[in-house]
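Single-letter residue listing:
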Amino acid sequence: MAYAAAGKRVLITGASAGLGAALARRLAARNAVVGLIARRRDRLAEVLAECRRTSPASAMWVADLADTPALSGLALRAWDSLGGIDVLVNNAAIPKRRPVTALEPGEVEDVMRVNFFAPMRLTLALLPRMLARGSGMIVNVSSIGGRLGLIHETAYCASKFALCGWSEAMAVDLHGSGIAVKLIEPGAVDTEIWDQPGSEEPLYRGPKAAADEVAEGVIEALGAEGFEHYIPDLRAVVDAKNADIDAFIAGAASLASGGSPQ
């Protein structure tokens, strides 16, 4: 079932580039009113200008999602400015690609703030108003790294596993409330997350999906049944890991070191 985006008010984090920007443009083209949140004012303003061509009521807020205490107020200001929020898309994320033996505790906490605590704060700020209204949707963009432990991605995977668990338990708590919860599990997406200061070069050299392609998949998920959506569909890989976790760990470690899986 196609998602009826027209007139919906959608708040998107990480909207200045990559998947967030692609999603904002595509929703605005379908006449949704989009609220954009990101750190980079110039890039965010460019995306907003594009969105306003078809959705003139769209708006933006420049914010650092690592400043988690400020996010509850930001979420409520966005709600008031847009006249309500129908869909919250927690999309923003940062990497910290590094072996666990080289990680500092503060680096892991930085990743958790943006990738998990920010979605938590925004959700808990908006949830009471959605519940009072009796409708709304929380969309958490996790990652295949929220279901698989990836080499040199311990901090990132920790944050994404947390987002998966949070989303799943929240869906249980909100079942029948009128508030839908969607968990999005993208695979490798061609965005700036692969080239970030402070992270080592990625070991992954495989194909990457275009941000526009994944954004289209997210919009399809908004109108689809079900809680969890893999884009592209890598569910079979996760199922294989869950069937034999020890074999997965041994095989992934072998491939990472240049050997052959056992």
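Criteria and cut-off values
Residues numbered from 1 in each chain as written. Predicted model: local features only at pLDDT ≥ 70, side-chain atom pairs only at ≥ 80, totals over all residues. Heavy atoms only, no water. UniProt positions renumbered as here; feature names shortened; annotations may be inferred. Helix = DSSP H or I, 4+ residues; strand = E, 2+ residues; numbered from the N terminus. Buried < 20%, exposed > 50% of the residue type's maximum accessible area, 1.4 Å probe, protein only. Contact = heavy atoms within 4.5 Å. Areas by Shrake-Rupley, 256 points an atom, 1.4 Å probe, with all protein chains shown as cover. 1 Å grid on protein atoms, 1.4 Å probe; cavity = no way out; pocket = protein on both sides within 12 Å on 5 of 7 lines; lining within 4 Å. Points joined across faces, edges and corners; volume = space filled by probe spheres on them. Nonpolar A, V, L, I, M, F, W, Y, C, P; charged D, E, K, R; others polar. Phe/Tyr/Trp six-rings, centres within 6.5 Å; stacked < 30°, edge-to-face > 60°. Expected span 1.5 Å × (residues − 1). Arc of directions from axis to C-beta. Pairing = 2+ DSSP bridges. Core = buried A, V, L, I, M, F, W, Y, C linked by side-chain atoms within 4.5 Å. Salt bridge = Lys/Arg side-chain N within 4 Å of Asp/Glu carboxyl O. Axes fitted to C-alpha atoms, helices over the stretch in contact; angles between N-to-C directions.

The name given to the protein in an unreviewed UniProt entry is Short-chain dehydrogenase, and the organism recorded there is Mycobacterium bohemicum. Check the Sequence similarities (unreviewed entry) section of the UniProt entry for the protein; it says "Belongs to the short-chain dehydrogenases/reductases (SDR) family."

**Q** Please explain the overall build of the protein as it appears in this structure.
**A** The helix and strand inventory of the protein stands at eight helices and seven strands. Within the span of the protein, comprising 262 residues, buried residues form 48% of the whole. In the protein, of all internal contacts separated by at least 6 residues, the share reaching a separation of at least 24 is 69%. Accessible surface, the protein as shown: approximately 12000 Å² in total, 55% of it carbon and sulfur.

**Q** What is the right way to read the layout of surface pockets from this model?
**A** In this approach, a probe sized like a water molecule rolls over the atoms, and the result shows the empty space that is left. Approximately 450 Å³ is the volume found for the second largest pocket. Listed by contribution, the elements that provide at least two residues to the lining of the second largest pocket are β5 (136-141), β6 (179-186) and α6 (211-223). Tallying contributions element by element places β6 first for the lining of the second largest pocket, with four residues. Its residues assigned to classes, the lining of the second largest pocket shows 14 nonpolar, five polar and four charged.

**Q** What exactly am I supposed to notice about the packing of aromatic side chains here?
**A** Each pair of aromatic rings is reported with the distance of its centres and the angle of its planes. Inspection of the entire model under this criterion finds two aromatic pairs. Aromatic pair phenylalanine 116 and phenylalanine 117: ring centres 5.4 Å apart, planes at 55 degrees, arrangement tilted. Residue phenylalanine 116 is classed as buried on the basis of its relative accessible area of 12%. Between phenylalanine 116 and tryptophan 166 the ring centres are 5.9 Å apart and the planes differ by 85 degrees, which places this aromatic pair in the edge-to-face class.

**Q** Any chance you could explain helix α2 (residues 41-52) here in plain terms?
**A** Since the α-helix turns once every 3.6 residues, residues separated by three or four places project in the same direction. Across its twelve residues, α2 extends 16 Å between first and last C-alpha, which sits within 8% of the 16 Å expected from 1.5 Å per residue. Listed as buried for α2 are Leu44, Val47, Leu48 and Cys51. When α2 is viewed along its axis, its buried side chains cluster within an angular range of 100 degrees and face the same direction. In this fold, the buried residues of α2 make contact with α1 (18-29), β2 (33-38) and β3 (59-62).

**Q** Explain the pairing of β6 here, please?
**A** A regular strand places its side chains on the two faces of the sheet in alternate fashion. Taking burial as the measure, the eight residues of β6 include seven buried ones, the bulk of the element. Note that β5 and β6 share six bridges and pair parallel. Directly across from asparagine 140, in β6, lies its bridge partner leucine 183. Sheet topology places β6 next to strand β7 (residues 228-231); four bridges connect them, and they run parallel. Paired with isoleucine 184 across the bridge in β7 is histidine 229.

**Q** What am I meant to see in the nonpolar core here?
**A** Soluble globular proteins tend to bury their nonpolar side chains together. The biggest cluster of nonpolar side chains holds 35 residues, and the ones touching the most others in it are Ile12, Leu23, Leu27, Leu36 and Val89. Counting residues per element, the ones that place at least two in this core are β1 (9-13), α1, β2, α2, β4 (87-90), β5 and α6. Setting aside residues up to four positions removed in sequence, leucine 27 forms contacts with Tyr3, Ala5, Val10, Ile12, Ala32, Val34 and Ile219. Ranked by size, the runner-up nonpolar core spans 27 residues in total, among them Ala75, Leu82, Ala125 and Leu127.

**Q** What should I look at first to understand α6 in this one?
**A** End to end, α6 covers 19 Å across 13 residues, agreeing with the expected 18 Å (1.5 Å per residue, within 8%). Across the 13 residues that make up α6, a large majority, ten, are buried. Among all positions of α6, only Ala211, Val214, Ala215, Glu216, Gly217, Val218, Ile219, Ala221, Leu222 and Gly223 are buried.

**Q** Which parts of the structure should I look at to understand the pattern of salt bridges?
**A** As a working rule, side chains carrying opposite charge can pair if their charged atoms are close by. Going through the model one piece at a time under the given rule, you end up with 14 salt bridges. With its nearest N and O atoms 3.1 Å apart, the salt bridge here joins arginine 97 to glutamate 153. Linking arginine 97 in the loop between β4 and α4 (105-133) with glutamate 153 in the loop between β5 and α5 (154-173), this pair joins segments that are 56 residues apart in sequence. Among the residues examined, glutamate 153 registers a relative accessible area of 11% and is labelled buried. Each member of the salt-bridge network shares a partner with another, and the members are Arg147, Glu168, Glu185, Glu228 and Arg235.

**Q** Would you mind showing me how to read the sheet that holds β4 here?
**A** Strand pairing in a sheet takes place through backbone hydrogen bonds and is either antiparallel or parallel in direction. Spatial strand order, β3-β2-β1-β4-β5-β6-β7: seven strands in an open sheet with parallel pairing. Each edge of the open sheet carries a strand with a single partner, namely β3 and β7. Ignoring strand direction, the axes of neighbouring strands in this sheet form an average angle of 15 degrees. Seen against the sheet, helix α3 (residues 71-82) touches β1, β2 and β3 and runs at an angle of roughly 165 degrees to β3.

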